[in-house]
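Report on the structure
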Amino acid sequence: MAESVPAPLRVDLVVRRQLFKFEEYYVVKDPLSLTYFRLQTEEAYLVGLMDGRRTMREIFAAYQTHYPNSERTMSDVAAFVHSLGKGGLLAINARAFVDTARQQKDKPRHWLMIWGKIVSGVLFMKFPLVDPSPWLGKLVHLLRFAWTKWFVTASFLFMAATVLRLLINREEFAQPGISFFSASNLALIWVTVIFIKTLHEFGHATTCRRFGGEVHEMGVCLMCFTPCGYVDASDAWMMRHKRHKLYTTLAGVFVELNLAAIAAHLWLTLPDGLARNLAFNAMLVASINTLLFNANPLMRFDGYYVVCDWLEIPNLRGKAIAYCSYHLQRLLLGYRNRMQEEQMGDDTRGGVFVLYAILAYVYMMFIIYGLTVIFARVLAPYGLHDLGLLLGIFVEGSFVALPFIKVFMDAFSPGAHIVKLGPTRWYVFRSLGILGVIVLLLFTIPTRHYVS
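Counting restarts for each chain: residues are numbered from 1 in the order of the written sequence. Local features in a predicted model are, by the rule used here, given only for residues with pLDDT of at least 70; side-chain atom pairs are given and counted only at 80 or more, and totals for whole chains, interfaces and linings are based on all residues. Calculated side-chain values reflect all of the structure's heavy atoms, with hydrogen atoms and water omitted.

So, the side chain of T372
You can see T372 is positioned in helix α14 (residues 350-379). Two residues qualify as a contact provided that any one of their heavy atoms is within 4.5 Å of a heavy atom in the partner residue. Not counting chain neighbours up to four residues away, the residues in contact with T372 comprise G388, L389, G392 and I393. Numbering goes from the N terminus for both helices and strands, where a helix is a DSSP run of H or I of at least four residues and a strand is a run of E of at least two.

Here it is as structure tokens:
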């Protein structure tokens, strides 16, 4: 290992220095796969030493000279170089890279892992449709007024005036002239959602391009069978100014709220009919829907990335899940996962991770339950109400089990990174006993539902 010569970084990668939490980082963009990596200063220095001529021994010696107080060993440096190669960042032979990628491909080895992937795939499916980059620049030039201070100010004043008019005419909500949960109107809602979310994604795409980012993917995703648009605006990571990232993230919500305001005025003005029904649906979809989903930080949409930037915690959801998984393994199974310990490091924001994980978990359960009730109500006229409920309960139960699937995976295939804290059987029996007490307590809660 000491005499091996690691390959240098690919010459087509884009590297940009940034400040994050008052520390210097380097963001690396892969223009082929459109993936992004963040390197610390020491890691960036190591990359600079990899010129394709120095051996690992020479690289490590130069690194030690420059950072004499670092605790990294030569094995740590070799592991770092290996991770760069796995990420496709090194100028290595194409055949060698393909062979390595095939060997490292993570295939589910247990039925629980397979089931977890199926359920997560059902809850969230993504369908890329177009690459807007060839014509997006022309569109941004035509709409350049939309990012001026006077236009943004006028938009907020227009929204405020719309809210005031709705309050004055609030009696209209008592008789909206539409059966919102009827099968025909739900079909109109789906069409309305697709149209509004498409404009929402154009807000992200154009704002990202306006501030120097690139956009190469737009499409449609299904979140719990609800259609939403999406755009890959990950290039916002390369923006030097934090406010430009926030503008890109909030642009979709800004567009939807303007659409909701326009739709509200149309609903209050138009006579009863299809056009007024469409305006009512658009008003609710672009306001309530965007607040429950896109602006909500508990789902991985716009609000989530705003909170990540605000708290300066990238990948908040992944870190929260890893933190809770680590402690659940300790409490339920008596395992200590050293790999997760290394990933979390000395992070002291455990309270934030636990709070976020619990809130996101409960919120998704609530969303699935609500969609289950709507789905069963739609199927009721066809005599399939119970089938709709059973399907919803099945999806809900699978979602509830997903975090525990992750916790139990290491128990089924423990490796060198797993350390036992004590007899596993004792931990399992203790955990089952606590779970049994909780279930018994739940049975004492009075409810109006019963099973015959």
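Examining helix α9 (residues 242-269)
A rise of 1.5 Å per residue sets the reference length of α9, with its 28 residues, at 40 Å; its end C-alpha atoms lie 41 Å apart and thus fit the reference within 8%. At L250, α9 is bent by approximately 40°, the largest bend along its length. The span expected for a helix works out to 1.5 Å for each residue beyond the first. In this scheme, the bend at a residue equals the angle between the axes fitted to the seven residues that finish there and the seven that begin there.

Examining helix α6 (residues 133-142)
When a residue's accessible area, from a 1.4 Å probe over protein chains only, is under 20% of the maximum for its type it is buried; when over 50% it is exposed; and in between it is partly exposed. If you check which residues of α6 are buried, you get S133, L136 and V140. When α6 is viewed along its axis, its buried side chains cluster within an angular range of 35° and face the same direction. In α6, the exposed positions angled more than 90 degrees off the buried face are occupied by P134, K138 and L142. As used here, the arc is the angular range of directions from the helix axis to the C-beta atoms.

Some details on the packing of helix α1 (residues 41-49) against helix α3 (residues 74-86)
At a minimum axis distance of 11 Å, the contact between α1 and α3 shows a crossing angle of 80°. Viewed along their axes, α1 and α3 adopt a mutual orientation that is roughly perpendicular. The residues of α3 that touch α1, namely those facing E43, L46 and V47, are V77, F80 and L84. For the contact of α1 with α3, the class distribution of residues is five nonpolar, no polar and one charged. The angle between two axes is taken between their N-to-C directions and runs from 0 to 180 degrees, where each axis is a line fitted to C-alpha atoms and a helix contributes only its stretch in contact. Convention used here: angles under 35 degrees read as roughly parallel, angles over 145 as roughly antiparallel, angles from 65 to 115 as roughly perpendicular, and any remaining angle as oblique. Put simply, Ala, Val, Leu, Ile, Met, Phe, Trp, Tyr, Cys and Pro go in the nonpolar bin, Asp, Glu, Lys and Arg in the charged bin, and everything else, Gly too, in the polar bin.

Points about the packing of α9 against helix α11 (residues 302-311)
In contact at an axis separation of 9 Å, α9 and α11 are set at 160° when each is read in the N-to-C sense. By the criterion of interaxial angle, the relationship of α9 to α11 is roughly antiparallel. Where α9 crosses over α11, the two elements pack in a sense that is left-handed. Here α9 contributes K242, K245, L246, T249, L250, G252 and V253 to the contact with α11, which in turn contributes D302, Y305, V306, D309 and W310. Class assignment of the residues belonging to the contact of α9 with α11 gives a composition of six nonpolar, two polar and four charged. Should the near helix be turned anticlockwise from the far one by less than a right angle, the crossing is left-handed, and should it be turned clockwise, the crossing is right-handed.

Topic: the nonpolar core
Residues belong to a common nonpolar core when they are buried Ala, Val, Leu, Ile, Met, Phe, Trp, Tyr or Cys residues joined through side-chain atoms within 4.5 Å. Core analysis: the biggest nonpolar cluster contains 24 residues, and M299, L316, F353 and Y356 have the highest contact counts within it. Elements supplying a minimum of two residues to this core: α11, α12 (316-333), α14 and α15 (385-412). Core analysis: the next-biggest nonpolar cluster, separate from the first, contains 23 residues, A7, M50, F80 and V81 among them.

Here's the deal with the packing of aromatic side chains
Each Phe, Tyr or Trp ring, with Trp reduced to its six-membered ring, pairs with another whose centre is within 6.5 Å; inter-plane angles below 30 degrees give stacked pairs, above 60 give edge-to-face pairs, and intermediate values give tilted ones. Going through the model one piece at a time under the given rule, you end up with 14 aromatic pairs. Relative to F151, the ring of W150 lies with its centre 6.0 Å away and its plane at 85°, an arrangement referred to as edge-to-face. Summarising the aromatic geometry, the rings of Y363 and F366 are spaced 6.4 Å apart at their centres and angled 40° between planes, so their arrangement reads as tilted. Of this pair, Y363 and F366 are both found in helix α14, three residues apart, which corresponds to roughly one turn of the helix. Owing to a relative accessible area of 52%, F366 belongs among the exposed residues under this scheme. Lysine NZ or arginine CZ positioned within 6 Å of the ring centre and within 35 degrees of the ring normal marks a charge as sitting over the ring. A cation over an aromatic ring shows up here: R210 above the ring of F211, its NZ or CZ 5.2 Å from the ring centre.

Some thoughts on the environment of I367
Residue position: I367 is located in helix α14. Residue classification places I367 among the buried positions, given a relative accessible area of 9%. For the pair formed by I367 and F293, sequence separation is 74 residues and the distance between their alpha carbons is 9.7 Å.

Quick look at the pattern of salt bridges
Opposite charge on two side chains permits them to pair, given that their charged atoms come into close proximity. Here, a salt bridge means any Lys or Arg side-chain nitrogen found within 4 Å of an Asp or Glu carboxyl oxygen. Scanning the model with the defined rule gives eight salt bridges in all. With a closest N to O distance of 2.8 Å, R57 and E3 form a salt bridge. Here E3 lies in the segment before β1 (14-20) and R57 lies in helix α2 (residues 56-66), a separation of 54 residues in the sequence. Assessed through its relative accessible area of 44%, R57 is described here as partly exposed. For E172, the salt bridge goes to R276, with nearest N and O atoms at 3.3 Å. Of the two residues, E172 is situated in the loop between α7 (149-168) and α8 (183-210) and R276 in helix α10 (residues 274-294); the sequence distance between them amounts to 104 residues. What you see here is one network of salt bridges that share partners, running through E42, E43 and R72.

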